[in-house]
Amino acid sequence: MKHTFRTAVLLSLGLLLSPALHAQQAARAAASGTTDDAKMQRFIDDLMRKMTLEEKIGQLNLITVGFDVTGPVVSKDVDVNIRKGAVGGVFNTYTPIAARKLQEMALRETRLHIPLMFGYDVIHGHRTIFPIPLGLSASWDMTAIERSARIAAEESAADGLHWVFSPMVDIARDPRWGRVAEGGGEDPYLGSQIARAMVRGYQGTDLTKNNTVMACLKHFALYGAAEAGRDYNTTDMSLARMYNEYLPPYKAAIEAGVGSVMSSFNEVNGIPATGNKWLLTDLLRQQWGFKGFVVTDYTAINEMVAHGVGNDAQVSAMALNAGADQDMVGEIFLKNVAQNLKDGTVKQEVIDLACRRILEGKYKLGLFKDPYRGVSEKRAKATLMKKEFLDDARDIARKSFVLLKNDKQTLPLKKAGTIALVGPLATRQRDLIGNWSGAGDWKQAISVEQGIRNVAGSAVKIVTAQGANFTDDQQMIDRLNAHGGELNVDKRSAEEMIQEAVKVAQSADVVVAVVGESQGMSGEAASRSDIGLPGPQLELLKALKKTGKPLVVVLMNGRPLTLSWENQNADAILETWFSGTQGGNAIADVLFGGYNPSGKLTATFPQSVGQIPLYYNHKSTGRPFNDQPLDKYKSRYLDITNEPLYPFGFGLSYTTFTYSKPELSTTTLSASGTLDVKVTVKNTGSYDGEEVAQLYIRDVVGSVTRPVRELKSFQKVLLKKGESRTLTFRLTPEDLKFYNNDLQFVAEPGDFQVFVGSNSRDTQEATFTLTGN
Ligand code: BGC
């Protein structure tokens, strides 16, 4: 049946049910009639019959409780609230002692003995910290990413937690936005793979196992599209862009069975996400079949007042009616829902449904049977940061690094001679673990200096100088230090520091400059309008360059940076993000060739901030850019080309790879057919190495315009030097589908280009036609 535009929109808004949707819902209803589900429902029916209105509203309340070595620091209010059943979950409390203490309070002292659920921001590791998510994504290695989430689950579960506020899958195309650091970059296909891998890693196959944790998909939705890259800012976009470019990773996580979803701070097309019924109910539950619970982001309901959609009582009703089940920290539900019920602005069924969903979450985690989930000091000691986890963290970190430049094979370094190790990040530990570093202890992180000593031993002489402060912006330093930045400002003048570094460089065979951002310069509420290296660090590099010594730049940062000078002048550039507990060892492994870098960028690096938003899967325009500067009437800038500095998918290796032209099994793909794209990749250099071969398509003519390229598949392969391998990528019409302006998910017959290569720019091409039947 072909829908009219209006019908399709209504369908997408859940206002009409198509026969197909009816059938789907019936199937789901049948599925939920499984014995397990029926058992759970009976249990919860039974429990809810005994619950008072206050106790039900209590389940909708998520509070934060800090703790110290002796246990949770519970304010009087919190204490009273827990005892009277006015708290459903707690976050920011972990360790077996602290979690047990609060759980005991809930179990022994509340009327119905309902266990609490303990959540935490475990984003890229709990105690053993992995690279920041943007770094993890650059590995393009789903096994490694899943493994990082699995280890995080093992550790957090052993530390008394049940629930992690991850994965964050917000597509981000604006590197001014600090939270680019927390996601998987700009691509919906890759982002979807990562979303699935992380959910699998955290939740395993059976959430009742006490080494699993419930994942929380965030931030729903479109948080990464904040205007101007300014955190929490407005989002407004067409439905087609939303469905094609931003929603796929959320949908993928739902399909992978994620247990909970966090609503985002931003508004979506005029309605704050946290009070957006279309988003939280029609799309999430009715279209996608989500069965878990929705928690709001931190005080996001209260913030709806500032958004301008009502007073406390109104936003409380709006959020609950929209489908927000649990209120994070704001206590808006606690204070308003009973009155909302009296006023008739919320119905009893709505309160019951939200309460039921929270209780279901607890049930699925097995908390009613085993509220302590086997936590003990002994188990924690045996699990947290165990050797196997640290070894994996080192390996995963190495996989996340991206070699951006390597002239004259400057890297790998020889384990001989003298290395001048300079830059504000060379000896730092705090920054390595990045922000949102869970319960990670930065004092246990391996610095680059330590890593080099560990890997190169006494074979190399290391001479050091800091060379520069992070920045000369004192306000920035104060801000960072107010939130755990641990930055000490060297009181010497910039010239003095540079002079010292230059002297050190002159005495060495090679300079390794470790520069970039301090961890707090990216992440939440850390948008930047200038994404270059801060002034003093760039000045340092310029002075080092003048020494004529080979200059290796090791970058640490949480976002794409503008690096034009660095790209022109450094001999080698290694992007290492914030690489975690084992970062220094991993960096040293790569610098000395113990591991050959294989990471590829998942977010475009622009030449200039003025090009932002800049992403590879853009549309063409009617006057596409060409590189004829005198050709005026093109979609271009007067002062810069449209090209990025480093494109999506880009990353070098110590070896080189060549690709054959893609060969297609057929040039006509039928509606039920398959198409194999074969390409031979050869390692033509002198190191063994891994390569991420990437396949993109372009739908040449569409009923709505299609991106110039879209990633549809990739394979990461290890090739010994001299080895070649033929890779086969299988495409079906399913891979060619997109949402048209009627929001129908269709593959349109016609011509397609297929591109295969080592990044989104350097590819070879073939063409085929999709037939109508
Ligand atoms: C962030 C979330 C986080 C929450 C709880 C919020 O400020 O946006 O990502 O999970 O705080 O700490």
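Residues numbered from 1 in each chain as written. Predicted model: local features only at pLDDT ≥ 70, side-chain atom pairs only at ≥ 80, totals over all residues. Heavy atoms only, no water.

Caption draft 1: Region of the structure containing the overall build of the chain. Of regular secondary structure, the chain possesses 24 helices and 29 strands. Computed over its C-alpha atoms, the radius of gyration of the chain comes to 27 Å, within 12% of the 28 Å expected for a compact globule of 773 residues. On the principal axes, the C-alpha backbone points of the chain span a range of 80 × 70 × 45 Å. Taking all 773 residues of the chain together, 60% fall into the buried category. Restricting the contact set of the chain to residue pairs at least 6 apart, pairs at least 24 apart contribute 79%. Of the accessible surface of the chain, which amounts to about 29,500 Å², a share of 50% is contributed by carbon and sulfur atoms. Each charge sign in the chain was given a centre, from 87 positive and 86 negative side chains, and these centres are 3 Å apart. (Helix = DSSP H or I, 4+ residues; strand = E, 2+ residues; numbered from the N terminus. Rg over C-alpha atoms; globule rule 2.2 N^0.38 Å. Buried < 20%, exposed > 50% of the residue type's maximum accessible area, 1.4 Å probe, protein only. Contact = heavy atoms within 4.5 Å. Areas by Shrake-Rupley, 256 points an atom, 1.4 Å probe, with all protein chains shown as cover. Lys, Arg positive; Asp, Glu negative; His and termini not counted. Charge placed at Lys NZ, Arg CZ, Asp CG, Glu CD.)

Caption draft 2: Just the pattern of salt bridges, in detail. Scanning all chains against the criterion turns up 42 salt bridges. The residue Asp391 makes a salt bridge to Lys387 at a minimum N-O spacing of 2.7 Å. You can see Asp391 and its partner Lys387 sitting in helix H18 (residues 387-400), four residues apart, about one turn around the helix. A relative accessible area of 59% places Lys387 in the exposed class. With a shortest N-O distance of 2.8 Å, Arg492 and Asp490 are connected by a salt bridge. (Salt bridge = Lys/Arg side-chain N within 4 Å of Asp/Glu carboxyl O.)

Caption draft 3: Highlighting the sheet that holds strand S17 (residues 551-556). Taken in spatial order, the six strands line up as S13-S18-S17-S16-S14-S15 in an open sheet, and their pairing is mixed. The sheet terminates laterally at strand S13 (402-406) and strand S15 (461-465), the two strands that pair on one side only. Between one strand axis and the next, the sheet turns through 20° on average, direction left out of account. Sitting on the sheet, helix H22 (residues 535-546) is in contact with strand S14 (418-422), strand S16 (510-516) and S17, with an inclination near 170° to S16. (Pairing = 2+ DSSP bridges. Axes fitted to C-alpha atoms, helices over the stretch in contact; angles between N-to-C directions.)

Caption draft 4: Inspection of helix H9 (residues 188-203) at higher detail. Over its 16 residues, H9 extends 22 Å from the first C-alpha to the last, a length consistent with the 22 Å expected when each residue adds 1.5 Å. Capping the start of H9, Asp187 holds a side-chain oxygen 3.0 Å from the backbone nitrogen of Tyr189, two or three residues further along. A positive phi of about 55° marks Gly204, the residue just after H9. (Expected span 1.5 Å × (residues − 1). Polar contact = N/O pair within 3.5 Å; in protein donor to acceptor, adjacent residues only side chain to side chain.)

Caption draft 5: Expanded view of the site of the ligand. The environment of the ligand is made up of 13 residues, and the closest members are Asp121, Arg179, Lys218, His219 and Asp297. Between Asp121 and the ligand, the recorded distance is 2.4 Å, taken from a side-chain N or O atom to an oxygen atom. Interatomic distance of 2.8 Å between a side-chain N/O atom of Lys218 and an oxygen atom of the ligand. The protein chains hide 94% of the 310 Å² of surface that the ligand would expose on its own. Classifying every residue of the shell around the ligand by side-chain character gives seven nonpolar, one polar and five charged. (Near = heavy atom within 4 Å. Nonpolar A, V, L, I, M, F, W, Y, C, P; charged D, E, K, R; others polar.)

Caption draft 6: Expanded view of the nonpolar core. Counting 117 residues, the largest nonpolar core has Trp163, Tyr202, Phe220 and Leu247 as its most contacted members. Here this core gets eight residues from one element, more than from any other, and that element is helix H8 (residues 142-158). Core analysis: the second largest hydrophobic core is formed by 87 residues, Phe265, Val455, Ala501 and Leu544 among them. (Core = buried A, V, L, I, M, F, W, Y, C linked by side-chain atoms within 4.5 Å.)

Caption draft 7: Representation of the sheet that holds strand S28 (residues 750-757). Reading across from one edge, S21-S29-S28-S23-S24 is the order of the five strands in this open sheet, with mixed pairing throughout. Two strands lie at the open edges of the sheet, namely strand S21 (668-669) and strand S24 (710-719), each paired on one side alone. Across two bridges, the pairing between S21 and strand S29 (residues 763-770) is parallel. Within S29, the position partnered with Leu669 by the bridge is Leu770.

Caption draft 8: Examining the UniProt feature "domain: Fibronectin type III-like" (unreviewed entry) in the chain more closely. If you check UniProt for "domain: Fibronectin type III-like" (unreviewed entry), the listed places come out as residues 691-760 in our numbering. In this annotation, residues 691-760 is assigned 0% helix and 56% strand; the end-to-end C-alpha distance for the span is 14 Å. (UniProt positions renumbered as here; feature names shortened; annotations may be inferred.)

Caption draft 9: Just the side chain of Ser713, in detail. Residue placement: Ser713 occurs in strand S24. Taking relative accessible area as the criterion, Ser713 reaches 15% and is therefore assigned buried. Beyond its immediate chain neighbours, meaning those up to four positions away, Ser713 contacts Tyr189, Ala693, Gln694, Leu695 and Phe729.

Caption draft 10: Spotlight on the confidence of the model for the chain. Of the residues in the chain, 94% have a pLDDT of 70 or more, and the chain-wide mean is 94. Confidence drops under pLDDT 50 across residues 1-33; counting only partners more than four residues distant or on other chains, this segment forms 44 contacts. (pLDDT = per-residue confidence, 0-100.)

Caption draft 11: Region of the structure containing the packing of helix H10 (residues 239-246) against helix H11 (residues 248-255). Interaxial distance between H10 and H11 falls to 6 Å at its minimum, and their mutual angle equals 55°. Overall, the two elements H10 and H11 adopt an arrangement that is oblique. Touching Met242, Tyr243, Asn244, Glu245 and Tyr246 of H10 are Pro248, Pro249 and Tyr250, all from H11. Grouping the amino acids of the contact of H10 with H11 by side-chain chemistry returns six nonpolar, one polar and one charged. (Parallel < 35°, antiparallel > 145°, perpendicular 65-115°, else oblique.)

Caption draft 12: Expanded view of unusual backbone geometry. Note that the residue after Lys218, namely His219, is joined by a cis bond; omega there is -5°. Position of His219 among the secondary structure elements: in strand S7 (residues 214-220). Residues Ile612 and Pro613 are joined by a peptide bond in cis, for which omega reads 0°. Counting through the fold element by element, Pro613 comes out in the loop between helix H24 (583-591) and strand S19 (657-659). Although it is not a glycine, Tyr232 adopts a positive phi angle of roughly 70°. Along the chain, Tyr232 falls in the loop between S7 and H10. Assessed through its relative accessible area of 35%, Tyr232 is described here as partly exposed. We note that Glu331 has phi near 55°; this positive angle belongs to a residue other than glycine. Structurally, the position occupied by Glu331 is in the loop between strand S12 (327-328) and helix H15 (332-343). For Glu331, a relative accessible area of 21% puts it in the partly exposed group.

Caption draft 13: Layout of H18. Taking 1.5 Å of rise per residue, 14 residues should cover 20 Å, and H18 covers 20 Å from first to last C-alpha, within 8% of that figure. Among the residues of H18, those classed as buried are Phe389, Ala393, Ile396, Ala397, Arg398, Lys399 and Ser400.

Caption draft 14: A look at the pairing of S17. Taking burial as the measure, the six residues of S17 include six buried ones, the bulk of the element. Alternating positions in S17 separate into two faces, Leu551, Val553 and Leu555 on one and Val552, Val554 and Met556 on the other, with burial throughout. Sheet topology places S16 next to S17; six bridges connect them, and they run parallel. When the bridges of S17 are listed, Ala513 appears paired with Val553. Between the parallel elements S16 and S17, the chain passes through H22 in a crossover that is right-handed. Across four bridges, the pairing between S17 and strand S18 (residues 572-575) is parallel. Note that in S18 the partner of Leu555 across the bridge is Glu575. (Right-handed = clockwise from strand over helix to strand, strands pointing away.)

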